[in-house]
Amino acid sequence: MARGRLRIYLGAAPGVGKTYAMLEEGQRLRAGGADVVAGFVEPHGRRPTAAMAEGLETIPRRTMIHRGAAFTEMDLDAVLARRPQVALVDELAHTNVPGSRHTKRWQDVEELLEAGTDVVTTLNVQHLESLGDVVRQITGVPQRETLPDEVARRADQIELVDLPPELLRRRMLHGEIYPSDRVEAALTHYFRVGNLTALRELALLWLADRVEEGLQRYRAEHGITAPWETRERIMVALTGGPEGETLIRRAARVTARTPGSELLALHVVPSDGLVHADPAALAAQRALVESLGGSYHQTTGDDLPETLLQFAEAENVTQIVLGASRRGRLSTFLYGSVGHRTIRRSGPIDVLVVTHEEAAGPSSPLRLPHPTRATGPRRFWGAMLLAAIVLPALTASLAALRGQVDLAFVLVLYLLTVVVIALIGGLVPALLSALAAGLLADYYFTAPLHSLDVHRTSDVLALLVFVVTALVVGSASGTAAHRTYEAVRARSEARALSRLATALMRGEDLPALLEQVREDFGLDAVSLLKEDTEHPAEPRWSVVAAAGENPPERPYDADVEAPVDSPASDGLTLAARGRTLSSDDQLVLRACAAQLVMAYAHGRLAAAAAETGLRAEAEHTRASLLLAASRDLRAPLRAAEEALQRLSAHPATSNAPPNARQPAEKDGRLLETARVSVRRAAQLVTDLDDLSRLRAESLDLYLRPVDLDEVLTAVLDTLGPGSERIRCTVPEHMPDALADAAVLTRVLSALTAEALRRTPPEEPAHLTAEVRPGRLAIRVGDGIAGGAGGAAPGTTAVRPEDSVILRLSRDVTEAMGGTLDSVASGPGFAMMLTLPTAPPRTVRPLA
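Calculation notes
Residues numbered from 1 in each chain as written. Predicted model: local features only at pLDDT ≥ 70, side-chain atom pairs only at ≥ 80, totals over all residues. Heavy atoms only, no water. Pairing = 2+ DSSP bridges. Helix = DSSP H or I, 4+ residues; strand = E, 2+ residues; numbered from the N terminus. Axes fitted to C-alpha atoms, helices over the stretch in contact; angles between N-to-C directions. Expected span 1.5 Å × (residues − 1). Buried < 20%, exposed > 50% of the residue type's maximum accessible area, 1.4 Å probe, protein only. Parallel < 35°, antiparallel > 145°, perpendicular 65-115°, else oblique. Left-handed = near helix turned anticlockwise from the far one by under 90°. Contact = heavy atoms within 4.5 Å.

Engineer: Kindly report on the sheet that holds strand β21 (residues 765-772), identifying the contributing residues and their values.
Structural biologist: Spatially, β19-β21-β22-β24-β23 is the arrangement adopted by the five strands of the open sheet, whose pairing is mixed. Of all the strands in the sheet, just β19 (726-729) and β23 (819-822) have a single pairing partner and so form its edges. Pairs of neighbouring strands in the sheet enclose a mean axial angle of 15 degrees, with direction left out of account. As judged from the seven bridges shared by strand β22 (residues 775-781) and strand β24 (residues 830-836), these two strands associate in the antiparallel manner. Bridge pairing links Leu776 to Leu835 in β24.

Engineer: Requested: an account of helix α11 (residues 279-291), with residues and values cited.
Structural biologist: Across its 13 residues, α11 extends 18 Å between first and last C-alpha, which sits within 8% of the 18 Å expected from 1.5 Å per residue. Along α11, the positions that sit buried rather than exposed are Ala280, Ala281, Leu282, Ala284, Gln285, Leu288 and Val289. Just beyond α11, the residue with positive phi is Gly293, at close to 85 degrees.

Engineer: Outline the packing of helix α15 (residues 377-400) against helix α16 (residues 407-425), supporting the account with residue identities and numerical values.
Structural biologist: Running from N to C, α15 and α16 point in directions that differ by 165 degrees, and their axes come no closer than 9 Å. Compared by their axis directions, α15 and α16 come out roughly antiparallel. For the element pair α15 and α16, the recorded crossing hand is right-handed. Between α15 and α16, the residues in contact are Arg379, Phe380, Ala383, Leu386, Ala387, Val390, Leu391, Leu394, Thr395 and Leu398 and Phe409, Val410, Leu413, Tyr414, Thr417, Val420, Ile421, Leu423, Ile424 and Gly425, respectively.

Engineer: Describe the sheet that holds strand β15 (residues 541-548), naming the residues involved and giving the relevant values.
Structural biologist: Sheet architecture is open: four strands sit in the order β15-β14-β17-β16, paired in antiparallel fashion. Since the sheet does not close on itself, it has two edges, and those belong to β15 and β16 (560-563), each with one partner. Neighbour-to-neighbour, the strand axes of this sheet turn through a mean angle of 20 degrees, independent of strand direction. Across seven bridges, the pairing between strand β14 (residues 525-531) and β15 is antiparallel. Residue pairing across strands places Val526 opposite Ala547, the latter belonging to β15. Lying on the sheet, helix α19 (residues 510-521) is in contact with β14, β15 and β17 (572-577); it crosses β15 at an angle near 60 degrees.

Rendered as structure tokens:
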């Protein structure tokens, strides 16, 4: 029986419409004549979703008891016995109730697929196993129900169900996703705009990767090797040379100009495994690539252009960025140019050759390698000393036996000596020894003796063959010695870096890592130093971590210094005391220093992340307590206000004794004061609630053109009798403000009430409006700050941070695109509120 097909509706968050889309597809298939059943559908109380399920045959669920509670699960046996063409199964990542046949619902779906039934299902991106840690970092909520990515990858079709975060939050506010008692908490925490945007991006990127996998699989199955420019992929080739950073930045600029493009960096290592590039430079260039959003790759190969093009074809690269050759004209003539060879073979792939400061000029000389670089200075000079001793001694010994040995035997011994010297010192000592041995054989053992002249043709041929053979054998031996030396050195370097990388992965602290570096290089003491960049004129150094006895505390106190030249170095350098290191050892030490800096930066990031997590948890706890307190305070405040209202509804009667009327009137004033205080406390609770919702980005604002005259009328009505003390100064012709009318009325009412409270009873409060370019400014002030008169006793200058209502007013004003600032130059209350003006309304003439 053919395996069924799996179709997944993928969403970024609950409520985007995955179940609705699944049911809609089921209705479409049913209308087309397919046998469709609803194996398990969870509408979550959403009426449109339940309505979409009407008419579909539903398999009754199976009831299971777990820990005394009843749960319902999909009846897998019933669906298998029904044998439909298509089964609708909701929530693919769901964990079944203990006692079910399978632990996970996706295992039930696998059994349906094996039985030949097509399955349409739903999945949220946060339930994918590979994204669990990322989702937890974004939302702060660990996902207990996860789905192996391989299950989703095997799906025959994946369709994204997407909604913008703002629309999803609006659906939440309207009660279309969660019950009303869960809306506020969801908006404050999981359903924040930032969380939803990040989850949406995760879903889009994950699905894009699946599309890319499908495209690569199709190209492989059909033998398509030419790149398809579905999106630009720019690859920069790195040699580890000083021009690498220039090439990376140039390629990054090319990538930035093409939306949706991708940056890759490739370093080709020779197949012999020998290190030919500076590890520290490569590490710095890799960090630069990753900081610019690219990816770093490394491969092996001897033919550089062919290796580059093979990688480019495999990765569907569309452009290759190469650096201009650092070789001179002679070197280019002898060895060829990598750029020219790559361009000739590139085919449809564009090749961009970038010039740089290290590129060879027209008069660049042919640079010969240093003679001691092949095997090291010690072995080089040891071989030269050996040649200076052995060749004369061998010549003297053979001269003493001149009558007993012939020329062939002499040449064989000389050849053996040249090979030994080549194995010790490399190519240069071998060549010099071969020439010297040829001259000695001619002078001492070829007739006429003690002369460089050769009379016999056979002797001439023998000497020529010897010299050529000695040169060839010496060159081969020298090259082999060079390769052996490099291989041993590369193995030692790789072992040291591998040990350090392994220790980093194990999470060892900096002192342990420094101790390992000290042991690897045979040093007495090692310390990681940090420069105080705040005092550049007077350098100050502090020891971050150290190992060994008497570690250096400043770079100039050390025998070896390995500074790290990278953006992440943060003024760090590695200083060591002990033996003097060779230049190659110093390169490896710098690579180790770069890894130590990465460990230091990782430790700081981990500490900062832990601190941020604690702060976020504290903020979350504070917000939760604030919400809980606001809910708990509403009921007692409402009851207190009702009680005070009932008490004030029964004043003292007129026939009460005269001595009782005065206390009754006093009680009435106290009751009124209590009512005002309770009302103010209730308003404070509402303001705290709104402030927390605003900080959680769940307070919706409806911005539209607002007539200020209408807003001021509503403000005066809100203030009641106290509005008689407000002096308003408003221009006759005033543009509309772009704001939320209800929120603006509330803000101005709060500011005006605060101004009245701080103004002496005999003085008016002031409200003044003026028009500025593109803005509408409203100034609210008390008697001293807003106009003439004195301030109320004990008043001081007020800032928006001084009270909850003023802070809320400032935050909502800024959310509307305006500003709210204190403009009082001394004691008193004066606030300036500015809002953007709305575009002028166009009046269409009547036809």
